[in-house]
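Listed below are the residues making up each chain.
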Amino acid sequence: MSTSSPLLTPFRAGALNLRNRIVMAPLTRGRADPVTHVPTPMMLDHYAQRATAGLIITEGCMIAPDTCTYYGMPGVYSTEQLLAWRTITDAVHARGGAIVCQIWHPGRATHASLNEAADIMGPSAVAAEGVLHTPMGKQPFPTPREMTLDDIANATRLYATAAANCVNIAGFDGVEVHAANGFLIDQFLRDGANQRNDAYGGSFENRSRFLVEVVTAVGAAIGRDRVGVHAAPFNGYFGQSDSRPWDFVRHLAATLNDLEVAFVLLLRRDLTGVVPGDATAAFRAAYRGVLIGNQGYDEAEASATVGSSALDAVAFGAPFIANPDLVARIEKGICWAISNPATYYTQGVEGYNDYPIAA
């Protein structure tokens, strides 16, 4: 591919001036300290290696001590964590890159053994489907306690505090609010998990209320032009579902359009295969802001889609694992290396920082 590729052109997403349209997707990799949730030096190397991306979106980060879902998850709630992230953001910025932090709350998608026997909460007392890897081995998800209005308000404050600390202390350029893949905000959004009969349940508008309140609070803390939202309206992780998935796509797009965030990253398909189809066209029809596509794009499709203005940028996940120099490979027409899934969640450098730069 030549340097004239639309993927290599700069663009603006809210307050973020980005040098290309090749985004590093958020990727859970489990390399933080499993006890303190402090980012490690190998994480600094990992993100710095990939700083040529137009934008890096970090792996999901805990916004409070009881919000862990995966072993080795990093956090953004302690001074030690935030200062460790500062070394990473400084390294990315020194290489001319931009980086935002994905902030999340797991809601029902966690286990007490990962969170010092913390109370597990969700929009309704409906357990997630499947099993979770815990210190005690694979465990079924517990039935959560239905969140009270005070619980909802407290969670909203946690998101806003985390966002402010990410920008003001850790030096991130912004945050991405995780509203996808079966975690707390996504649980409120879809009626498979949300069976409330109050102002946060029932209609699409009510189920979107928590998302709107979180984005509003985070925007007030750091500026809405530094806030992105991660959306996956079809994805069935942890048994997530909606009784009207296509209507939900259109409603979610319209809701996010009204919120005027810096960008939306859209995971376009259901990775569990239950809901068929690609949500991109329906979402784009209702959403006028910066839209970043994600899931299964190769170089040709990404270039064509951005060139047609159906998307403003494309986020690559697995390709960025194996290709720290993905931008240069696209610019110079070099074949992409293939990542090794067996090393995705191990705790060492292998499969993390040892993929070679192309000659």
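Refer to the structure above for everything that follows.
What counts and what doesn't
- Residues numbered from 1 in each chain as written.
- Predicted model: local features only at pLDDT ≥ 70, side-chain atom pairs only at ≥ 80, totals over all residues.
- Heavy atoms only, no water.
- Helix = DSSP H or I, 4+ residues; strand = E, 2+ residues; numbered from the N terminus.
- Rg over C-alpha atoms; globule rule 2.2 N^0.38 Å.
- Buried < 20%, exposed > 50% of the residue type's maximum accessible area, 1.4 Å probe, protein only.
- Contact = heavy atoms within 4.5 Å.
- Areas by Shrake-Rupley, 256 points an atom, 1.4 Å probe, with all protein chains shown as cover.
- Axes fitted to C-alpha atoms, helices over the stretch in contact; angles between N-to-C directions.
- Parallel < 35°, antiparallel > 145°, perpendicular 65-115°, else oblique.
- Left-handed = near helix turned anticlockwise from the far one by under 90°.
- Nonpolar A, V, L, I, M, F, W, Y, C, P; charged D, E, K, R; others polar.
- Pairing = 2+ DSSP bridges.
- Salt bridge = Lys/Arg side-chain N within 4 Å of Asp/Glu carboxyl O.

Student: Could you clarify how one ought to interpret the overall build of the chain in this entry?
Tutor: A count of helices and strands for the chain gives eleven helices and 14 strands. Relative to a compact globule of 359 residues, whose C-alpha radius of gyration would be 21 Å, the chain shows 19 Å and is just as compact. Here the C-alpha coordinates of the chain stretch approximately 55 × 45 × 35 Å along the principal axes. By residue count, 58% of the 359 residues in the chain fall in the buried class. Excluding contacts between residues fewer than 6 apart, the proportion of contacts in the chain whose partners are at least 24 apart in sequence is 71%. A total accessible area of about 13400 Å² is found for the chain, and carbon and sulfur atoms account for 54% of it.

Student: Just to check I follow, could you spell out the packing of helix 6 (residues 209-222) against helix 7 (residues 245-259) for this structure?
Tutor: The relative placement of two packed helices is expressed as an angle between their axes plus a distance between the axes. The geometry of helix 6 relative to helix 7 is characterised by a closest axis approach of 11 Å and an angle of 25 degrees between their N-to-C directions. On the basis of the axis angle, helix 6 is roughly parallel to helix 7. The handedness of the crossing between helix 6 and helix 7 is right-handed. Residues Leu 211, Val 212, Val 215 and Thr 216 of helix 6 form the contact with helix 7, whose participating residues are Leu 252, Thr 255, Leu 256 and Leu 259.

Student: Hey, could you run me through the packing of helix 1 (residues 41-49) against helix 2 (residues 79-94) in this one?
Tutor: Two elements in contact, helix 1 and helix 2, have axes separated by 9 Å at closest approach and are oriented at 25 degrees. As far as their axial angle goes, helix 2 and helix 1 are roughly parallel. When the axes of helix 1 and helix 2 are compared, the crossing they make is right-handed. Along the contact surface, helix 1 presents Met 43, Leu 44, Tyr 47 and Ala 48, while helix 2 presents Trp 85, Thr 87, Ile 88, Ala 91 and Val 92. Of the residues belonging to the contact of helix 1 with helix 2, the class tally is eight nonpolar, one polar and no charged.

Student: Teacher, can you tell me more about the sheet that holds strand 11 (residues 227-231) here?
Tutor: Hydrogen bonds along the backbone pair up the strands of a sheet, which may run parallel or antiparallel. In spatial order, the strands read 3-4-5-10-11-12-13-14; together these eight strands close into a barrel with parallel pairing. Within this sheet the neighbouring strands show an average axis-to-axis angle of 25 degrees, counted without direction. One ladder, built from five bridges, connects strand 10 (residues 174-179) with strand 11; its direction is parallel. From the neighbouring strand, Glu 176 faces strand 11, where its bridge partner is Gly 228. The sheet strands contacting helix 3 (residues 149-168) are strand 5 (99-104) and strand 10, and the helix crosses strand 5 at an angle near 160 degrees. Packing of helix 6 onto the sheet brings it into contact with strand 10 and strand 11, and relative to strand 10 it is tilted by some 170 degrees.

Student: What is the right way to look at the pattern of salt bridges in this model?
Tutor: Between side chains of opposite charge, a pair can form as their charged atoms come close. Under the definition given, this model contains twelve salt bridges. A salt bridge links Arg 244 to Asp 247; the shortest N-O distance between them is 3.0 Å. Note on Arg 244: relative accessible area 45%, which makes it partly exposed. Given a relative accessible area of 31%, Asp 247 falls into the partly exposed group. Residues Arg 284 and Asp 312 are paired through a salt bridge, measuring 3.3 Å at the closest nitrogen-oxygen approach. Note that Arg 284 is positioned in helix 8 (residues 280-286) and Asp 312 in the loop between helix 9 (299-307) and strand 14 (313-316), a separation of 28 residues in sequence. Residues joined by salt bridges that share partners form a network here, namely Asp 119, Arg 145 and Asp 151.

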